[in-house]
Amino acid sequence: MARRFPWVLAAVAWSDAPQFTRGVHDGLPLLSYGCAPRHLLATYRQLRAMGKRPNGQDPVAVLYVRHNGSGKTSFASLYLIAKAAPVRPMTPAKFAALAKANLARRICRTCGKDPLYILPTSTRQCWKCFEANENSEIAEAA
Ligand SMILES: [Zn+2]
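Looking at the zinc ion, the protein donor atoms are Cys 108 (SG), Cys 111 (SG), Cys 126 (SG) and Cys 129 (SG), and they sit 2.2 to 2.3 Å from it. Each of the 4 donor atoms bound to the zinc ion contributes to angles spanning 102 to 115°, and the resulting shape is tetrahedral. Here the donor residues of the zinc ion share one chain and are spaced in sequence as C-x2-C-x14-C-x2-C. Of this pair, Cys 108 sits in the loop between helix H2 (92-104) and helix H3 (127-141) while Cys 129 sits in helix H3, and the two are 21 residues apart along the sequence. Residue classification places Cys 108 among the buried residues on the basis of a relative accessible area of 2%. A relative accessible area of 14% places Cys 129 in the buried class.

This part takes up a nonpolar patch on the surface. Taken together, the side chains of Trp 7, Leu 9 and Phe 20 make up a nonpolar region of the molecular surface, amounting to roughly 350 Å² of accessible area. Assignment of secondary structure puts Trp 7 in the segment before strand S1 (8-12).

In this approach, a probe sized like a water molecule rolls over the atoms, and the result shows the empty space that is left. The computed volume of the largest pocket comes to approximately 260 Å³. Lining the largest pocket are Tyr 33, Gly 34, Ala 36, Pro 37, Arg 38, Leu 41, Ala 42, Thr 43, Gln 46, Met 50, Leu 63 and Leu 78. Here the lining of the largest pocket is composed, by residue class, of 8 nonpolar, 3 polar and 1 charged.

Rules used throughout
Residues numbered from 1 in each chain as written. Predicted model: local features only at pLDDT ≥ 70, side-chain atom pairs only at ≥ 80, totals over all residues. Heavy atoms only, no water. Donors = N, O, S within 2.8 Å, 3.2 Å for Na, K, Ca; no water. Tetrahedral: all angles 85-135°; square planar, octahedral: opposite > 155°, others 65-115°. Helix = DSSP H or I, 4+ residues; strand = E, 2+ residues; numbered from the N terminus. Buried < 20%, exposed > 50% of the residue type's maximum accessible area, 1.4 Å probe, protein only. Patch = residues over 30% accessible without salt bridge, like charges linked within 9 Å, V, L, I, M, F, W, Y side chains within 5 Å. Areas by Shrake-Rupley, 256 points an atom, 1.4 Å probe, with all protein chains shown as cover. Salt bridge = Lys/Arg side-chain N within 4 Å of Asp/Glu carboxyl O. 1 Å grid on protein atoms, 1.4 Å probe; cavity = no way out; pocket = protein on both sides within 12 Å on 5 of 7 lines; lining within 4 Å. Points joined across faces, edges and corners; volume = space filled by probe spheres on them. Nonpolar A, V, L, I, M, F, W, Y, C, P; charged D, E, K, R; others polar.

Function cannot be read off these values alone, since they describe shape.
See below:
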């Protein structure tokens, strides 16, 4: 049986010398668990935990992880820590924009009221309006 991810010596963005990778995924070097240099590469969430953001850079490698329980393989983009920038701080305008967006998720499109919970995206209606609508449809059908 051929191995799915053979070791390949390839040129990589984080080193001047060719490094061992597990092939290519979406045109990027593929790495397996334990072979990505932790001090040079990080996933988006790892950058975030360090208080950094990718700063517009494209991922330089892809990490794959096999889940033995389900037999599934998941992939994560890896970014250069050296090219990452600090996370932008929250500003009053950002807080206001987020508050507005969260409020918009609670406004019923039929009665225009805020029922104090987030409405389902399928109907964008509060439960009262949804029920009234359902009942009128049943009445029309009868
Ligand atoms: Zn409503």
